[in-house]
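The chain contents come next:
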Amino acid sequence: ADGSRNLSLDSIPMGLPMSDPTAWATAMNNLGMAPMGMTGQPLLPDFDPALGMMTGIPPINPMMPGLGIVPPPIPPDMPAVKEIIHCKSCTLFPPNPHLPPPATRERPPGCKTVFVGGLPENGTEQIIMEVFEQCGEVIAIRKSKKNFCHIRFAEEFMVDKALYLSGYRIRLGSSTDKKDTGRLHVDFAQARDDLYEWECKQRMLAREERHRRRLEEERFRPPSPPPVVHYSDHECSIVAEKLKDDKKFSEAVQTLLTWIERGEVNRRTANNFYSMIQSANSHIRRLVNEKATHEKEMEEAKEKFKIALSGILVQFEQIVAVYHSASKQKAWDHFTKAQRKNISVWCKQAEEIRNIHNDELMGIRREEEMEMSDEEIEDPAEMKETEESALVSQVEALKEENDSLRWQLDAYRNEVELLKQEQGKASRDEDTTKEQQLKLLQQALQGMQQHLLKVQDEYKKREAELEKVREDKLKIETLLENLKEQESSTSRICACSQEKECPAEKTLSNSPVKSEREALLVGIISTFLHVHPFGASIEYICSYLQRLDSKICTTEVEVLMTRLQHTFKQELSGVGASLEKRWKFCGFDELKMT
């Protein structure tokens, strides 16, 4: 490391701009090297290379084992000073501290891979490993041919160390060639392996969280009640005995309730359940007696408290009387000032405590008077009802039946009134409903009339179209007959002329119509084009002919029409993209010319 440092600083002139010589000197001092300028001259002549950042500490070398090239985290309010980093086969020069920090993309979750761009063209994987292995354990390096690579680390925090190198200028050895230099750009990279490991980790944490919550829920969940035994005659006798015992009554009642809810009551077990319910009912009397005894004990305790409180108040009155007698003129003059002060304070305290206890006793007496007045207001019949709970339950049941019957009568009355109202409304609404029905019928009739008129118009239009088609058919038939007659006459003339004149045979052999089929086609095409005075395209003509004979093709028809130039002529119609070739019938024009 020392040799590479001397080589890079002493023997090789560097043409890098140095904006602040003091910052450069600080960085060199922190690294434990003698501060030198860009030309190799020492910046501080009195510098002692044995001293580092602090006295008593050896000079710091970033390549020392166990010391990473990335310094510890710097507080955000303190500007970070990047320094020169020396490696075995390359040197890293820090960026200009006045420039803004290099831009980075958003960090992907669980990112362990970084993108490193701006590598030298002659850079190898060994050099990349040498630079970035000091950030942490490198798992894989994927180098591209285009001066960039992807580096995957073992842990996520190592990526932050690698990002520290973004903006550094790298130089291989002592060469100043372009292929041996470059500016590093380190950024987060999105890798499927990182995302998969992060998702696995998140799922593991979620499972641990669910397990922890389940344990907490189970810890705070109240204990489940003990299981209730199934019904049997033996268990029934045990529960019946427990119902008679005051200590085991609550457990037995819970068992009885569970059996009834399970549906254990049937004809065979009805008597047993009735006896258990009866014993539960007899427990009510025991509870009432127990409540009466507790009330009696409470009344006795109140009386004892009242007697004790009245005795305490008498004693307080005596003590206060002593204080008052001591504060009179005869005895007061013989006490000192301190004694007089203590007696007056004691007197005030005793009077306050006496007044508090007196108010408490008065409150108890008021409560007793209120209870006595309530007992006087109550009727003797109500006292009997409280004593005889069975009669009270019967009376309440009769009241409930009476109320239910009264509510049923009210419901029947309301229904009768509603029926009467509905009948009156129906008689009133009959007239309105009839008027509405008449209006709807009138609207329906008007709609039907309009529909009929539309249908009649369509029928007339179609009749006119049919008449036109019939007229066209008649014209075509007459033209066909004329053509047949012409063909027969021409065939006779040809037969006669074949015997007399040889040149006539030549002329016939040279005629454009070579067969009877072609003659028929000429006649049909001429009649079709005669009906279409503005002409028609070859596709339109062929579609018409293919209805008569499906074997007809467009090339055959077009060749036939081009041969008969005096009968058919081709014209171009339209402008630009709408340009179209149309065939017209010109046989009558040729006749007029002749």
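As the structure is a computational prediction, the values presented were derived from the model and not from experiment. (Residues numbered from 1 in each chain as written. Predicted model: local features only at pLDDT ≥ 70, side-chain atom pairs only at ≥ 80, totals over all residues. Heavy atoms only, no water.)

## Section: the sheet that holds strand 3 (residues 113–117)
Then, in step 1: Taking strand neighbours across the sheet as the criterion, the 4 strands line up as 4-5-3-8 in an open arrangement whose pairing is antiparallel. The open sheet has two edge strands with one neighbour each: strand 4 (138–143) and strand 8 (185–188). Geometrically, the sheet is characterised by an average inter-axis angle of 20° between neighbouring strands, direction not taken into account. (Pairing = 2+ DSSP bridges. Helix = DSSP H or I, 4+ residues; strand = E, 2+ residues; numbered from the N terminus. Axes fitted to C-alpha atoms, helices over the stretch in contact; angles between N-to-C directions.)

## Overview of unusual backbone geometry
Then, in step 1: For Asn147, which is not glycine, the phi dihedral falls at a positive 55°.
Then, in step 2: Structurally, Asn147 is set in the loop between strand 4 and strand 5 (148–153).
Then, in step 3: Under the relative-accessibility criterion, Asn147 is labelled partly exposed at 26%. (Buried < 20%, exposed > 50% of the residue type's maximum accessible area, 1.4 Å probe, protein only.)

## Quick notes on the side chain of Ser166
Then, in step 1: Mapping Ser166 onto the fold places it in the loop between helix 4 (157–163) and strand 6 (169–172).
Then, in step 2: The residues contacting Ser166, other than those within four sequence positions of it, are Lys82, Pro102, Leu184, His185 and Val186. (Contact = heavy atoms within 4.5 Å.)

## Here's the deal with the confidence of the model for the chain
Then, in step 1: Across the chain, pLDDT averages 78, with 79% of residues at or above 70.
Then, in step 2: This model gives residues 1–21 a pLDDT under 50, and the stretch forms 33 contacts once residues within four places in sequence are excluded.
Then, in step 3: Considering only residues more than four positions removed or in separate chains, one finds that residues 30–70, a stretch of pLDDT under 50, has 71 contacts. (pLDDT = per-residue confidence, 0-100.)

## Considering a nonpolar patch on the surface
Then, in step 1: A grouping of Ile260, Val265 and Ile277 is seen on the molecular surface, where their side chains present a nonpolar patch of about 230 Å² in accessible area.
Then, in step 2: Here Ile277 is to be found in helix 8 (residues 270–326).
Then, in step 3: A relative accessible area of 44% means that Ile277 is categorised as partly exposed. (Patch = residues over 30% accessible without salt bridge, like charges linked within 9 Å, V, L, I, M, F, W, Y side chains within 5 Å. Areas by Shrake-Rupley, 256 points an atom, 1.4 Å probe, with all protein chains shown as cover. Salt bridge = Lys/Arg side-chain N within 4 Å of Asp/Glu carboxyl O.)

## Quick look at the packing of aromatic side chains
Then, in step 1: Counted under the stated rule, the structure contains 8 aromatic pairs.
Then, in step 2: Ring centres 5.2 Å apart and planes at 25° place the aromatic pair Tyr231 and Phe273 in the stacked group. Residue Tyr231 is found in the loop between helix 5 (192–220) and helix 6 (233–244), and its partner Phe273 is found in helix 8; the two are separated by 42 residues along the sequence. The same class applies to Tyr231 and to Phe273, which are both buried.
Then, in step 3: Grouped by ring-pair contacts, the aromatic residues Tyr231, Trp259 and Phe273 constitute a single cluster. (Phe/Tyr/Trp six-rings, centres within 6.5 Å; stacked < 30°, edge-to-face > 60°.)

## Describing a positive patch on the surface
Then, in step 1: Taken together, Arg203, Arg207, Arg210 and Arg214 make up a surface patch of like positive charges.
Then, in step 2: Within the secondary structure layout, Arg214 lies in helix 5. (Lys, Arg positive; Asp, Glu negative; His and termini not counted. Charge placed at Lys NZ, Arg CZ, Asp CG, Glu CD.)

## Here's the deal with the pairing of strand 4
Then, in step 1: Relative to strand 5, strand 4 runs antiparallel, the two being bridged by 5 bridges. Pairing of Ala140 across the sheet is with Arg152, part of strand 5.
Then, in step 2: Between strand 4 and strand 5, which pair antiparallel in sequence order, lie 4 residues; one of them, Asn147, sits at a positive phi of approximately 55°.

## Overview of the side chain of Ser526
Then, in step 1: Here Ser526 is to be found in helix 14 (residues 516–531).
Then, in step 2: Given a relative accessible area of 11%, Ser526 falls into the buried group.
Then, in step 3: There is a polar contact of 2.7 Å between the side chain of Ser526 and the backbone oxygen of Gly523.
Then, in step 4: Aside from chain neighbours lying at most four places away, what touches Ser526 is Leu483, Phe568 and Phe585. (Polar contact = N/O pair within 3.5 Å; in protein donor to acceptor, adjacent residues only side chain to side chain.)

## Comments concerning the nonpolar core
Then, in step 1: Counting 31 residues, the largest nonpolar core has Val116, Phe132, Ile151, Phe153 and Leu165 as its most contacted members.
Then, in step 2: Residue assignment for this core shows that the elements contributing at least two residues are strand 2 (90–93), strand 3, helix 3 (125–132), strand 4, strand 5, helix 4, strand 6 and strand 8.
Then, in step 3: One finds Ala536, Ile541, Leu564 and Phe568 within the second-largest nonpolar core, a separate group that totals 18 residues. (Core = buried A, V, L, I, M, F, W, Y, C linked by side-chain atoms within 4.5 Å.)

## Brief notes about the sheet that holds strand 6
Then, in step 1: As summarised here, the arrangement of the 4 strands in space is 1-2-6-7, forming an open sheet in which the pairing is antiparallel. Pairing within the sheet leaves two strands with one partner each, and these edge strands are strand 1 (85–86) and strand 7 (181–183).
Then, in step 2: Relative to strand 7, strand 6 runs antiparallel, the two sharing 3 bridges. Across the sheet, residue Ile170 finds its bridge partner in strand 7, namely Gly182.

## Some words on the UniProt feature "coiled-coil region" (unreviewed entry) in the chain
Then, in step 1: The feature "coiled-coil region" (unreviewed entry), as given by UniProt, occupies residues 277–304 and 381–489 in the numbering adopted here.
Then, in step 2: Across residues 277–304 one finds 100% helix and 0% strand; the C-alpha atoms that close the span lie 41 Å apart. (UniProt positions renumbered as here; feature names shortened; annotations may be inferred.)

## Description of a negative patch on the surface
Then, in step 1: On the surface, Asp429, Glu430, Asp431 and Glu435 cluster together to form a negatively charged patch.
Then, in step 2: Mapping Glu430 onto the fold places it in helix 12 (residues 389–500).

## Topic: helix 8
Then, in step 1: Here helix 8 is 57 residues long and its end C-alpha atoms lie 84 Å apart, about the 84 Å a rise of 1.5 Å per residue gives.
Then, in step 2: Of all the positions in helix 8, only Phe273, Met276, Ser279, His283, Lys306, Leu309, Leu313, Phe316, Val320, Tyr323 and Ala326 are classed as buried. (Expected span 1.5 Å × (residues − 1).)

## As for the state of the cysteines
Then, in step 1: Counted by the stated rule, this structure contains 0 disulfides.
Then, in step 2: Here Cys87 stays unpaired: no disulfide links it, and the sulfur of Cys90, its closest cysteine neighbor, is 4.2 Å away.
Then, in step 3: Cys135 forms no disulfide, and the closest cysteine sulfur to it belongs to Cys87, at a distance of 9.8 Å.
Then, in step 4: For Cys135, a relative accessible area of 2% gives the class buried. (Disulfide = S-S within 2.5 Å.)

## Topic: the packing of helix 6 against helix 7 (residues 249–262)
Then, in step 1: The geometry of helix 6 relative to helix 7 is characterised by a closest axis approach of 8 Å and an angle of 135° between their N-to-C directions. As far as their axial angle goes, helix 7 and helix 6 are oblique. The interaxial crossing formed by helix 6 with helix 7 has left-handed handedness. Listed contacts from helix 7 to Glu235, Cys236, Val239, Lys242 and Leu243 of helix 6 are Phe249, Glu251, Ala252, Val253, Thr255 and Trp259.
Then, in step 2: Among the residues forming the contact of helix 6 with helix 7, the class breakdown is 7 nonpolar, 1 polar and 3 charged. (Parallel < 35°, antiparallel > 145°, perpendicular 65-115°, else oblique. Left-handed = near helix turned anticlockwise from the far one by under 90°. Nonpolar A, V, L, I, M, F, W, Y, C, P; charged D, E, K, R; others polar.)

## Digging into the pattern of salt bridges
Then, in step 1: All chains considered together, the criterion is met by 19 salt bridges.
Then, in step 2: Between Glu571 and Lys569 there is a salt bridge, with the nearest N and O atoms lying 3.5 Å from each other.
Then, in step 3: Members of the salt-bridge network, linked through shared partners, are Lys112, Arg152, Asp194 and Glu197.

## Brief notes about the environment of Arg142
Then, in step 1: Position of Arg142 relative to the elements: it lies in strand 4.
Then, in step 2: Counting along the chain gives 10 residues from Arg142 to Arg152, while the straight-line C-alpha distance between them is 8.6 Å.

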